There are 2 protein chains.
Amino acid sequence: MNTLSEENYLKCIYRLWQDKGQKISPTAIADALGNNPASVVDMIRKLTDKQLISYDKKKGVELTAQGQKDATMIVRRHRLWEVFLLEKLGYHWDEIHDIAEDLEHIKDATLADRLDKFLGFPEYDPHGDPIPKANGKMAKRYSTTLADVKVGGSCRVVAVRDTTSQFLQYLQKLSINIGTKIQLLEKITFDNSLVISINGEEPKTVSQKFGESLLIDM
Amino acid sequence: MNTLSEENYLKCIYRLWQDKGQKISPTAIADALGNNPASVVDMIRKLTDKQLISYDKKKGVELTAQGQKDATMIVRRHRLWEVFLLEKLGYHWDEIHDIAEDLEHIKDATLADRLDKFLGFPEYDPHGDPIPKANGKMAKRYSTTLADVKVGGSCRVVAVRDTTSQFLQYLQKLSINIGTKIQLLEKITFDNSLVISINGEEPKTVSQKFGESLLIDM
DNA sequence: AAATAAAATTAGCCTTACCTAATTTTATTT
DNA sequence: AAATAAAATTAGGTAAGGCTAATTTTATTT
Ligand SMILES: [Mn+2]
Ligand SMILES: [Mn+2]
Ligand SMILES: [Mn+2]
Ligand SMILES: [Mn+2]
(Lines give C-alpha, C1' and ligand atoms only; values in the text may rest on other atoms or scores of the structure.)
(Ligands and ions follow the chains in the order given, each with its own letter.)
Protein backbone atom coordinates (compact mmCIF):
# COMPACT_ATOMS: atom_id res chain seq x y z
CA MET A 1 0.00 0.00 0.00
CA ASN A 2 1.20 3.51 -0.81
CA THR A 3 1.57 6.36 1.66
CA LEU A 4 -0.32 9.62 1.34
CA SER A 5 2.75 11.33 -0.04
CA GLU A 6 3.47 8.59 -2.53
CA GLU A 7 -0.13 8.82 -3.74
CA ASN A 8 0.13 12.56 -4.23
CA TYR A 9 3.27 12.09 -6.30
CA LEU A 10 1.67 9.37 -8.42
CA LYS A 11 -1.37 11.50 -9.06
CA CYS A 12 0.80 14.47 -9.93
CA ILE A 13 2.91 12.47 -12.39
CA TYR A 14 -0.25 11.05 -13.93
CA ARG A 15 -1.67 14.54 -14.43
CA LEU A 16 1.52 15.94 -15.93
CA TRP A 17 1.66 12.98 -18.29
CA GLN A 18 -1.95 13.50 -19.42
CA ASP A 19 -1.69 17.27 -19.71
CA LYS A 20 1.47 17.56 -21.74
CA GLY A 21 2.36 14.11 -22.96
CA GLN A 22 5.88 15.44 -22.65
CA LYS A 23 9.01 14.46 -20.77
CA ILE A 24 8.37 14.76 -17.05
CA SER A 25 11.40 16.14 -15.26
CA PRO A 26 12.09 16.34 -11.51
CA THR A 27 11.73 20.12 -11.70
CA ALA A 28 8.34 19.82 -13.40
CA ILE A 29 7.13 17.64 -10.54
CA ALA A 30 8.67 19.96 -7.97
CA ASP A 31 6.88 22.93 -9.51
CA ALA A 32 3.58 21.12 -9.66
CA LEU A 33 3.71 20.00 -6.04
CA GLY A 34 5.38 23.08 -4.60
CA ASN A 35 8.21 20.90 -3.32
CA ASN A 36 11.96 21.25 -3.62
CA PRO A 37 13.62 19.35 -6.52
CA ALA A 38 15.85 17.60 -3.99
CA SER A 39 12.79 16.14 -2.28
CA VAL A 40 11.45 15.02 -5.63
CA VAL A 41 14.67 13.18 -6.38
CA ASP A 42 14.26 11.33 -3.06
CA MET A 43 10.73 10.29 -3.93
CA ILE A 44 11.69 9.29 -7.46
CA ARG A 45 14.13 6.82 -5.94
CA LYS A 46 11.47 5.51 -3.58
CA LEU A 47 8.81 5.07 -6.27
CA THR A 48 11.35 3.49 -8.59
CA ASP A 49 12.24 0.95 -5.90
CA LYS A 50 8.54 0.20 -5.52
CA GLN A 51 8.33 -0.27 -9.32
CA LEU A 52 5.63 2.35 -9.68
CA ILE A 53 7.65 4.61 -11.98
CA SER A 54 10.73 4.41 -14.14
CA TYR A 55 13.20 7.21 -14.52
CA ASP A 56 15.61 7.86 -17.30
CA LYS A 57 17.48 11.14 -17.74
CA LYS A 58 16.55 11.06 -21.43
CA LYS A 59 12.89 10.05 -21.17
CA GLY A 60 12.12 11.57 -17.81
CA VAL A 61 9.73 10.01 -15.32
CA GLU A 62 7.16 7.50 -16.51
CA LEU A 63 4.53 5.49 -14.67
CA THR A 64 4.83 1.72 -14.85
CA ALA A 65 1.70 -0.34 -15.53
CA GLN A 66 1.18 -0.70 -11.77
CA GLY A 67 1.87 2.99 -11.15
CA GLN A 68 -0.68 3.88 -13.80
CA LYS A 69 -3.25 1.59 -12.21
CA ASP A 70 -2.64 3.05 -8.75
CA ALA A 71 -2.79 6.63 -10.04
CA THR A 72 -6.00 5.98 -11.92
CA MET A 73 -7.69 4.64 -8.80
CA ILE A 74 -6.66 7.73 -6.82
CA VAL A 75 -8.14 9.92 -9.53
CA ARG A 76 -11.27 7.76 -9.49
CA ARG A 77 -11.71 8.29 -5.77
CA HIS A 78 -11.00 12.00 -6.05
CA ARG A 79 -13.61 12.60 -8.71
CA LEU A 80 -16.25 10.40 -7.12
CA TRP A 81 -15.90 12.27 -3.82
CA GLU A 82 -16.20 15.55 -5.72
CA VAL A 83 -19.51 14.42 -7.15
CA PHE A 84 -20.65 13.39 -3.68
CA LEU A 85 -19.68 16.70 -2.09
CA LEU A 86 -21.43 18.70 -4.80
CA GLU A 87 -24.55 16.65 -5.38
CA LYS A 88 -25.23 15.22 -1.94
CA LEU A 89 -23.78 17.77 0.44
CA GLY A 90 -24.51 20.89 -1.59
CA TYR A 91 -21.02 22.33 -1.85
CA HIS A 92 -20.17 24.70 -4.69
CA TRP A 93 -17.76 23.57 -7.38
CA ASP A 94 -14.98 25.83 -6.13
CA GLU A 95 -15.04 24.25 -2.65
CA ILE A 96 -14.86 20.54 -3.40
CA HIS A 97 -11.39 20.06 -4.80
CA ASP A 98 -9.46 20.60 -1.56
CA ILE A 99 -11.70 18.31 0.45
CA ALA A 100 -11.51 15.59 -2.20
CA GLU A 101 -7.74 16.00 -2.04
CA ASP A 102 -7.94 14.41 1.42
CA LEU A 103 -10.86 12.03 0.87
CA GLU A 104 -9.12 10.43 -2.11
CA HIS A 105 -6.61 8.83 0.27
CA ILE A 106 -9.16 6.87 2.31
CA LYS A 107 -8.42 3.26 1.52
CA ASP A 108 -10.93 0.48 1.70
CA ALA A 109 -11.42 -2.38 -0.71
CA THR A 110 -15.01 -1.57 -1.67
CA LEU A 111 -15.47 2.10 -0.77
CA ALA A 112 -14.99 3.60 -4.23
CA ASP A 113 -17.27 1.05 -5.88
CA ARG A 114 -20.01 1.57 -3.30
CA LEU A 115 -19.74 5.33 -3.63
CA ASP A 116 -19.84 5.00 -7.41
CA LYS A 117 -23.04 2.96 -7.20
CA PHE A 118 -24.57 5.32 -4.63
CA LEU A 119 -23.95 8.24 -6.98
CA GLY A 120 -25.43 6.43 -9.97
CA PHE A 121 -22.17 5.70 -11.79
CA PRO A 122 -21.43 9.26 -12.95
CA GLU A 123 -19.29 9.63 -16.11
CA TYR A 124 -17.88 13.05 -15.35
CA ASP A 125 -16.98 14.98 -12.21
CA PRO A 126 -18.32 18.49 -11.50
CA HIS A 127 -15.41 20.06 -13.37
CA GLY A 128 -16.10 17.98 -16.48
CA ASP A 129 -13.25 15.51 -15.94
CA PRO A 130 -14.04 11.87 -16.76
CA ILE A 131 -14.25 9.49 -13.81
CA PRO A 132 -12.24 6.27 -14.28
CA LYS A 133 -14.36 3.15 -13.91
CA ALA A 134 -13.37 0.31 -11.56
CA ASN A 135 -11.59 -1.36 -14.48
CA GLY A 136 -9.58 1.80 -15.21
CA LYS A 137 -11.44 2.79 -18.36
CA MET A 138 -13.04 6.21 -18.64
CA ALA A 139 -14.97 8.46 -20.99
CA LYS A 140 -13.09 10.76 -23.35
CA ARG A 141 -11.34 13.79 -21.97
CA TYR A 142 -12.20 17.06 -23.69
CA SER A 143 -9.30 18.97 -25.18
CA THR A 144 -10.64 21.85 -27.30
CA THR A 145 -10.55 25.17 -25.45
CA LEU A 146 -12.45 28.40 -25.92
CA ALA A 147 -9.22 29.83 -27.34
CA ASP A 148 -9.49 27.35 -30.23
CA VAL A 149 -12.91 28.58 -31.34
CA LYS A 150 -13.02 30.62 -34.57
CA VAL A 151 -14.42 34.17 -34.48
CA GLY A 152 -18.17 33.99 -34.95
CA GLY A 153 -18.32 30.42 -33.67
CA SER A 154 -20.45 29.13 -30.84
CA CYS A 155 -19.70 26.46 -28.25
CA ARG A 156 -20.81 24.85 -25.02
CA VAL A 157 -18.69 24.63 -21.86
CA VAL A 158 -17.96 20.99 -21.00
CA ALA A 159 -15.11 21.18 -18.51
CA VAL A 160 -12.53 23.40 -16.83
CA ARG A 161 -8.81 22.91 -17.10
CA ASP A 162 -8.09 24.90 -13.95
CA THR A 163 -9.78 24.03 -10.68
CA THR A 164 -8.40 26.81 -8.48
CA SER A 165 -11.07 28.67 -6.58
CA GLN A 166 -9.81 31.90 -8.17
CA PHE A 167 -10.80 30.65 -11.60
CA LEU A 168 -13.99 28.89 -10.53
CA GLN A 169 -15.22 31.90 -8.62
CA TYR A 170 -14.49 34.11 -11.61
CA LEU A 171 -16.62 31.75 -13.71
CA GLN A 172 -19.36 31.97 -11.10
CA LYS A 173 -19.25 35.76 -11.35
CA LEU A 174 -19.59 35.51 -15.12
CA SER A 175 -22.46 33.00 -14.70
CA ILE A 176 -20.52 30.33 -16.56
CA ASN A 177 -21.15 26.70 -15.66
CA ILE A 178 -20.81 23.32 -17.33
CA GLY A 179 -23.33 23.52 -20.19
CA THR A 180 -23.25 27.27 -20.64
CA LYS A 181 -23.36 28.49 -24.30
CA ILE A 182 -20.67 30.92 -25.37
CA GLN A 183 -20.25 32.77 -28.67
CA LEU A 184 -16.88 34.16 -29.71
CA LEU A 185 -17.51 37.64 -31.08
CA GLU A 186 -13.98 38.90 -31.57
CA LYS A 187 -10.35 38.05 -31.01
CA ILE A 188 -8.10 40.99 -30.11
CA THR A 189 -4.94 40.37 -32.13
CA PHE A 190 -2.76 42.44 -29.79
CA ASP A 191 -2.90 39.97 -26.85
CA ASN A 192 -5.39 37.32 -27.99
CA SER A 193 -8.03 38.58 -25.62
CA LEU A 194 -11.48 37.21 -26.42
CA VAL A 195 -14.72 39.13 -26.69
CA ILE A 196 -17.51 36.70 -25.88
CA SER A 197 -21.23 36.57 -25.34
CA ILE A 198 -22.37 34.33 -22.49
CA ASN A 199 -25.81 32.80 -23.08
CA GLY A 200 -26.51 35.56 -25.60
CA GLU A 201 -25.91 38.36 -23.12
CA GLU A 202 -23.97 41.58 -23.69
CA PRO A 203 -20.28 41.21 -24.77
CA LYS A 204 -17.55 40.64 -22.18
CA THR A 205 -13.78 40.54 -22.68
CA VAL A 206 -11.63 37.78 -21.21
CA SER A 207 -7.92 36.99 -21.44
CA GLN A 208 -6.18 34.35 -23.54
CA LYS A 209 -5.29 32.50 -20.34
CA PHE A 210 -8.97 32.42 -19.49
CA GLY A 211 -9.83 31.01 -22.91
CA GLU A 212 -7.24 28.29 -22.60
CA SER A 213 -8.68 27.23 -19.24
CA LEU A 214 -12.20 26.56 -20.51
CA LEU A 215 -12.79 23.28 -22.32
CA ILE A 216 -15.60 23.34 -24.84
CA ASP A 217 -17.56 21.29 -27.34
CA MET A 218 -18.42 22.96 -30.65
CA MET B 1 -5.37 22.69 14.06
CA ASN B 2 -4.45 19.30 15.47
CA THR B 3 -2.54 16.59 13.64
CA LEU B 4 -3.97 13.15 12.95
CA SER B 5 -1.97 11.69 15.81
CA GLU B 6 -3.01 14.40 18.24
CA GLU B 7 -6.63 13.79 17.30
CA ASN B 8 -6.33 10.08 17.94
CA TYR B 9 -4.86 10.75 21.37
CA LEU B 10 -7.60 13.25 22.22
CA LYS B 11 -10.32 10.85 21.18
CA CYS B 12 -8.69 8.04 23.14
CA ILE B 13 -8.44 10.14 26.30
CA TYR B 14 -12.04 11.22 25.85
CA ARG B 15 -13.18 7.62 25.58
CA LEU B 16 -11.20 6.44 28.60
CA TRP B 17 -12.62 9.33 30.60
CA GLN B 18 -16.19 8.45 29.60
CA ASP B 19 -15.80 4.71 30.08
CA LYS B 20 -14.22 4.63 33.49
CA GLY B 21 -14.47 8.12 34.92
CA GLN B 22 -11.22 7.12 36.60
CA LYS B 23 -7.68 8.44 36.71
CA ILE B 24 -6.18 8.21 33.23
CA SER B 25 -2.54 7.16 33.37
CA PRO B 26 0.07 7.14 30.58
CA THR B 27 0.02 3.31 30.64
CA ALA B 28 -3.75 3.26 30.24
CA ILE B 29 -3.43 5.44 27.13
CA ALA B 30 -0.53 3.35 25.86
CA ASP B 31 -2.60 0.17 26.24
CA ALA B 32 -5.62 1.68 24.56
CA LEU B 33 -3.66 2.91 21.55
CA GLY B 34 -1.21 0.05 21.33
CA ASN B 35 1.66 2.52 21.69
CA ASN B 36 4.68 2.48 23.96
CA PRO B 37 4.34 4.44 27.25
CA ALA B 38 7.43 6.42 26.29
CA SER B 39 5.64 7.68 23.17
CA VAL B 40 2.62 8.58 25.25
CA VAL B 41 4.73 10.67 27.59
CA ASP B 42 6.01 12.61 24.57
CA MET B 43 2.50 13.29 23.34
CA ILE B 44 1.29 14.25 26.84
CA ARG B 45 3.93 16.97 26.81
CA LYS B 46 2.84 18.13 23.37
CA LEU B 47 -0.88 18.25 24.18
CA THR B 48 -0.15 19.96 27.50
CA ASP B 49 1.80 22.65 25.65
CA LYS B 50 -1.15 23.08 23.30
CA GLN B 51 -3.41 23.42 26.38
CA LEU B 52 -5.63 20.55 25.27
CA ILE B 53 -4.98 18.41 28.34
CA SER B 54 -3.60 18.82 31.84
CA TYR B 55 -1.47 16.21 33.55
CA ASP B 56 -0.88 15.72 37.22
CA LYS B 57 0.72 12.59 38.67
CA LYS B 58 -2.06 12.48 41.29
CA LYS B 59 -5.06 13.17 39.05
CA GLY B 60 -3.74 11.69 35.84
CA VAL B 61 -4.54 13.10 32.39
CA GLU B 62 -7.58 15.36 31.97
CA LEU B 63 -8.97 17.16 28.95
CA THR B 64 -9.17 20.94 29.17
CA ALA B 65 -12.34 22.70 28.01
CA GLN B 66 -10.76 23.12 24.57
CA GLY B 67 -9.52 19.54 24.51
CA GLN B 68 -13.00 18.34 25.32
CA LYS B 69 -14.48 20.45 22.55
CA ASP B 70 -11.97 19.15 20.02
CA ALA B 71 -12.46 15.53 21.11
CA THR B 72 -16.23 15.83 20.93
CA MET B 73 -16.06 17.11 17.36
CA ILE B 74 -13.84 14.18 16.32
CA VAL B 75 -16.35 11.77 17.85
CA ARG B 76 -19.14 13.64 16.04
CA ARG B 77 -17.44 13.19 12.71
CA HIS B 78 -16.63 9.54 13.42
CA ARG B 79 -20.21 8.63 14.25
CA LEU B 80 -21.75 10.61 11.42
CA TRP B 81 -19.49 8.89 8.90
CA GLU B 82 -20.47 5.54 10.41
CA VAL B 83 -24.12 6.32 9.78
CA PHE B 84 -23.28 7.32 6.23
CA LEU B 85 -21.31 4.17 5.52
CA LEU B 86 -24.06 1.93 6.86
CA GLU B 87 -27.15 3.68 5.62
CA LYS B 88 -26.00 5.12 2.32
CA LEU B 89 -23.25 2.79 1.18
CA GLY B 90 -24.68 -0.42 2.58
CA TYR B 91 -21.77 -1.56 4.73
CA HIS B 92 -22.39 -3.91 7.66
CA TRP B 93 -21.94 -2.63 11.21
CA ASP B 94 -18.74 -4.58 11.72
CA GLU B 95 -17.04 -2.94 8.72
CA ILE B 96 -17.63 0.75 9.34
CA HIS B 97 -15.54 1.52 12.39
CA ASP B 98 -12.12 1.27 10.74
CA ILE B 99 -13.11 3.37 7.75
CA ALA B 100 -14.63 6.03 10.01
CA GLU B 101 -11.37 5.99 11.94
CA ASP B 102 -9.81 7.65 8.88
CA LEU B 103 -12.76 9.72 7.68
CA GLU B 104 -13.09 11.40 11.09
CA HIS B 105 -9.85 13.30 10.40
CA ILE B 106 -11.04 15.06 7.26
CA LYS B 107 -11.20 18.69 8.22
CA ASP B 108 -13.46 21.23 6.62
CA ALA B 109 -15.42 23.97 8.32
CA THR B 110 -18.86 22.82 7.20
CA LEU B 111 -18.43 19.15 6.29
CA ALA B 112 -19.77 17.58 9.49
CA ASP B 113 -22.79 19.86 9.56
CA ARG B 114 -23.63 19.16 5.92
CA LEU B 115 -23.23 15.45 6.46
CA ASP B 116 -25.42 15.66 9.58
CA LYS B 117 -28.14 17.40 7.58
CA PHE B 118 -27.82 14.98 4.67
CA LEU B 119 -28.30 12.06 7.06
CA GLY B 120 -31.33 13.66 8.71
CA PHE B 121 -29.67 14.63 11.99
CA PRO B 122 -29.35 11.13 13.47
CA GLU B 123 -29.24 10.89 17.28
CA TYR B 124 -27.33 7.61 17.51
CA ASP B 125 -24.71 5.86 15.40
CA PRO B 126 -25.11 2.27 14.16
CA HIS B 127 -23.55 0.93 17.38
CA GLY B 128 -26.01 2.85 19.55
CA ASP B 129 -23.57 5.56 20.59
CA PRO B 130 -25.01 9.09 20.75
CA ILE B 131 -23.81 11.53 18.09
CA PRO B 132 -22.68 14.90 19.49
CA LYS B 133 -24.53 17.84 17.94
CA ALA B 134 -22.70 20.81 16.44
CA ASN B 135 -22.95 22.55 19.83
CA GLY B 136 -21.37 19.59 21.60
CA LYS B 137 -24.56 18.34 23.28
CA MET B 138 -25.73 14.78 22.72
CA ALA B 139 -28.42 12.30 23.70
CA LYS B 140 -27.87 10.13 26.77
CA ARG B 141 -25.42 7.30 26.65
CA TYR B 142 -26.79 3.93 27.69
CA SER B 143 -25.04 2.25 30.60
CA THR B 144 -27.07 -0.81 31.70
CA THR B 145 -25.70 -4.05 30.29
CA LEU B 146 -27.24 -7.45 29.73
CA ALA B 147 -25.21 -8.64 32.73
CA ASP B 148 -27.25 -6.25 34.93
CA VAL B 149 -30.60 -7.82 34.01
CA LYS B 150 -32.28 -9.94 36.72
CA VAL B 151 -33.08 -13.56 35.96
CA GLY B 152 -36.49 -13.76 34.31
CA GLY B 153 -36.24 -10.18 33.07
CA SER B 154 -36.54 -8.99 29.47
CA CYS B 155 -34.72 -6.21 27.67
CA ARG B 156 -34.01 -4.63 24.29
CA VAL B 157 -30.54 -4.15 22.81
CA VAL B 158 -29.79 -0.43 22.38
CA ALA B 159 -26.03 -0.32 21.89
CA VAL B 160 -22.76 -2.24 21.92
CA ARG B 161 -19.85 -1.43 24.20
CA ASP B 162 -17.37 -3.26 21.99
CA THR B 163 -17.04 -2.46 18.29
CA THR B 164 -14.45 -5.04 17.30
CA SER B 165 -15.46 -7.09 14.30
CA GLN B 166 -15.01 -10.24 16.42
CA PHE B 167 -17.82 -9.18 18.71
CA LEU B 168 -20.04 -7.69 16.03
CA GLN B 169 -19.76 -10.75 13.82
CA TYR B 170 -20.61 -12.95 16.80
CA LEU B 171 -23.72 -10.84 17.33
CA GLN B 172 -24.55 -11.24 13.65
CA LYS B 173 -24.27 -15.01 14.03
CA LEU B 174 -26.65 -14.89 17.00
CA SER B 175 -29.04 -12.64 15.00
CA ILE B 176 -28.65 -9.85 17.53
CA ASN B 177 -29.01 -6.28 16.33
CA ILE B 178 -29.92 -2.92 17.82
CA GLY B 179 -33.57 -3.40 18.85
CA THR B 180 -33.43 -7.17 19.38
CA LYS B 181 -35.43 -8.46 22.40
CA ILE B 182 -33.56 -10.68 24.84
CA GLN B 183 -34.88 -12.56 27.87
CA LEU B 184 -32.53 -13.68 30.64
CA LEU B 185 -33.50 -17.24 31.52
CA GLU B 186 -30.73 -18.20 33.92
CA LYS B 187 -27.47 -17.01 35.40
CA ILE B 188 -24.83 -19.70 35.97
CA THR B 189 -23.37 -18.83 39.38
CA PHE B 190 -20.09 -20.64 38.68
CA ASP B 191 -18.81 -18.16 36.09
CA ASN B 192 -21.74 -15.76 35.60
CA SER B 193 -22.51 -17.18 32.19
CA LEU B 194 -25.94 -16.14 30.92
CA VAL B 195 -28.61 -18.34 29.44
CA ILE B 196 -30.71 -16.16 27.16
CA SER B 197 -33.51 -16.33 24.67
CA ILE B 198 -33.10 -14.14 21.60
CA ASN B 199 -36.42 -12.96 20.15
CA GLY B 200 -38.16 -15.83 21.97
CA GLU B 201 -36.04 -18.50 20.31
CA GLU B 202 -34.46 -21.53 21.93
CA PRO B 203 -32.01 -20.86 24.83
CA LYS B 204 -28.37 -19.99 24.15
CA THR B 205 -25.53 -19.58 26.63
CA VAL B 206 -23.17 -16.59 26.51
CA SER B 207 -20.29 -15.47 28.71
CA GLN B 208 -20.20 -12.76 31.36
CA LYS B 209 -17.85 -10.75 29.11
CA PHE B 210 -20.47 -10.98 26.37
CA GLY B 211 -23.19 -9.75 28.75
CA GLU B 212 -21.10 -6.78 29.80
CA SER B 213 -20.54 -5.78 26.17
CA LEU B 214 -24.23 -5.44 25.28
CA LEU B 215 -26.00 -2.27 26.38
CA ILE B 216 -29.72 -2.65 26.94
CA ASP B 217 -32.89 -0.85 27.90
CA MET B 218 -35.27 -2.69 30.27
C1' DA C 1 11.00 -0.10 57.18
C1' DA C 2 12.97 -2.79 53.53
C1' DA C 3 12.41 -5.16 49.62
C1' DT C 4 10.24 -5.73 45.47
C1' DA C 5 7.32 -4.70 41.68
C1' DA C 6 5.15 -1.54 38.67
C1' DA C 7 4.78 2.84 36.47
C1' DA C 8 6.81 6.89 34.65
C1' DT C 9 10.42 9.15 32.64
C1' DT C 10 14.71 9.98 30.17
C1' DA C 11 18.14 9.13 26.65
C1' DG C 12 19.13 7.86 22.40
C1' DC C 13 17.54 5.80 17.69
C1' DC C 14 14.72 5.17 13.56
C1' DT C 15 11.76 6.36 9.43
C1' DT C 16 9.16 9.52 6.58
C1' DA C 17 9.06 13.44 4.12
C1' DC C 18 10.40 17.51 3.86
C1' DC C 19 14.30 21.38 3.65
C1' DT C 20 18.96 24.25 2.32
C1' DA C 21 23.41 24.59 0.48
C1' DA C 22 26.96 22.74 -2.26
C1' DT C 23 28.33 20.17 -6.17
C1' DT C 24 28.07 17.89 -10.47
C1' DT C 25 26.01 17.14 -14.82
C1' DT C 26 23.69 18.68 -18.91
C1' DA C 27 22.09 22.39 -22.08
C1' DT C 28 22.41 26.71 -24.10
C1' DT C 29 24.81 30.77 -25.55
C1' DT C 30 28.32 33.28 -27.15
C1' DA D 1 34.98 25.18 -28.14
C1' DA D 2 34.41 27.91 -24.09
C1' DA D 3 31.61 30.13 -21.13
C1' DT D 4 27.50 30.39 -18.86
C1' DA D 5 23.12 29.00 -17.21
C1' DA D 6 19.97 25.62 -15.77
C1' DA D 7 18.84 21.18 -14.02
C1' DA D 8 19.90 17.27 -11.28
C1' DT D 9 22.02 15.30 -7.58
C1' DT D 10 24.40 14.75 -3.17
C1' DA D 11 25.27 15.82 1.60
C1' DG D 12 23.62 16.98 5.67
C1' DG D 13 19.72 18.71 8.63
C1' DT D 14 14.86 19.14 10.76
C1' DA D 15 10.30 17.85 12.87
C1' DA D 16 6.82 14.40 13.81
C1' DG D 17 5.83 10.33 15.83
C1' DG D 18 7.11 6.20 16.72
C1' DC D 19 10.57 2.65 19.15
C1' DT D 20 13.96 0.14 22.90
C1' DA D 21 16.71 0.17 26.89
C1' DA D 22 18.07 2.28 31.06
C1' DT D 23 16.88 4.87 34.97
C1' DT D 24 14.12 7.04 38.38
C1' DT D 25 9.96 7.47 40.90
C1' DT D 26 5.95 5.59 43.12
C1' DA D 27 3.22 1.66 45.01
C1' DT D 28 2.76 -2.66 47.00
C1' DT D 29 4.40 -6.51 49.64
C1' DT D 30 6.66 -8.73 53.01
MN1 LIG E 1 -4.27 14.30 -2.07
MN1 LIG F 1 -12.46 17.68 -10.37
MN1 LIG G 1 -8.69 8.02 13.79
MN1 LIG H 1 -19.70 3.63 16.44
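Residues numbered from 1 in each chain as written. Chains lettered and ligands numbered in written order. Predicted model: local features only at pLDDT ≥ 70, side-chain atom pairs only at ≥ 80, totals over all residues. Heavy atoms only, no water.

- In the nomenclature of an unreviewed UniProt entry, chain A is known as Transcriptional regulator MntR of Mucilaginibacter achroorhodeus.
- Turning to chain A, the UniProt annotation filed under Subcellular location (unreviewed entry) states: "Cytoplasm". (UniProt positions renumbered as here; feature names shortened; annotations may be inferred.)

## Some points on the coordination of the manganese ion (ligand 4)
All names here are of chain B.
Point 1. Those protein atoms acting as donors to the manganese ion (ligand 4) are Glu82 (OE), Asp125 (OD) and His127 (ND1), and they sit at 2.1 to 2.3 Å.
Point 2. When the donor residues of the manganese ion (ligand 4) are listed from N- to C-terminus, their spacing reads E-x42-D-x1-H. In this pair, Glu82 is assigned in helix 4 (residues 65–88) and Asp125 in the loop between helix 6 (111–118) and strand 3 (154–160), connecting sequence segments 43 residues apart. Note on accessibility: Glu82 and Asp125 belong to one class, buried. (Donors = N, O, S within 2.8 Å, 3.2 Å for Na, K, Ca; no water. Helix = DSSP H or I, 4+ residues; strand = E, 2+ residues; numbered from the N terminus. Buried < 20%, exposed > 50% of the residue type's maximum accessible area, 1.4 Å probe, protein only.)

## Quick notes on the protein's contact with DNA strand D
Point 1. By nearness alone, 17 residues border DNA strand D, and A:Thr27, B:Thr3, B:Ser5, B:Ser39 and B:Lys46 come closest of all.
Point 2. A:Thr27 has a polar side-chain atom sitting 2.2 Å from a phosphate oxygen of DNA strand D.
Point 3. A:Tyr55 places a side-chain nitrogen or oxygen 3.3 Å from a phosphate oxygen of DNA strand D.
Point 4. Listed by contribution, the elements that provide at least two residues to the surface near DNA strand D are helix 2 (26–33) and helix 3 (37–49) of chain A together with helix 1 (4–20) and helix 3 (37–49) of chain B.
Point 5. Element by element, the count of residues in the surface near DNA strand D is highest for helix 3 of chain A, at 4 residues. (Near = heavy atom within 4 Å. Polar contact = N/O pair within 3.5 Å; in protein donor to acceptor, adjacent residues only side chain to side chain.)

## A word on the sheet that holds strand 4 (residues 181–188) of chain A
Residue and element names in this part refer to chain A.
Point 1. Strand order in this open sheet of 5 strands is 6-5-4-3-7, and the pairing throughout is antiparallel. With partners counted over all chains shown, the strands left at the sheet margins are strand 6 (204–206) and strand 7 (214–217), one partner each. Each strand of the sheet is rotated relative to its neighbour by a mean of 50°, with strand direction disregarded.
Point 2. With 4 bridges joining them, strand 3 (residues 154–160) and strand 7 adopt antiparallel strand pairing. Looking across to strand 7, one finds that Val157 is bridged to Ile216. (Pairing = 2+ DSSP bridges. Axes fitted to C-alpha atoms, helices over the stretch in contact; angles between N-to-C directions.)

## Things to note about the pattern of salt bridges
Point 1. Inspection of every chain in the model, using the stated rule, returns 26 salt bridges over all chains.
Point 2. In this structure, A:Asp19 and A:Arg141 form a salt bridge, with 3.4 Å as the shortest nitrogen-oxygen distance. Taken together, the positions of A:Asp19 in helix 1 (residues 4–20) and A:Arg141 in the loop between helix 6 (111–118) and strand 3 put the pair 122 residues apart, joining distant regions of the chain.
Point 3. Here A:Asp19 falls in the partly exposed class, since its relative accessible area comes to 39%.
Point 4. Note on A:Arg141: relative accessible area 30%, which makes it partly exposed.
Point 5. B:Glu123 is the salt-bridge partner of B:Lys133, the closest N and O atoms lying 3.8 Å from each other. Within this pair, whereas B:Lys133 is found in the loop between helix 6 and strand 3, its partner B:Glu123 is found in the loop between helix 6 and strand 3, the two being separated by 10 residues in sequence.
Point 6. Judged by relative accessible area, which is 41%, B:Glu123 ranks as partly exposed.
Point 7. Counted as one network, the salt bridges with shared partners bring together A:Glu6, A:Lys46 and A:Lys50. (Salt bridge = Lys/Arg side-chain N within 4 Å of Asp/Glu carboxyl O.)

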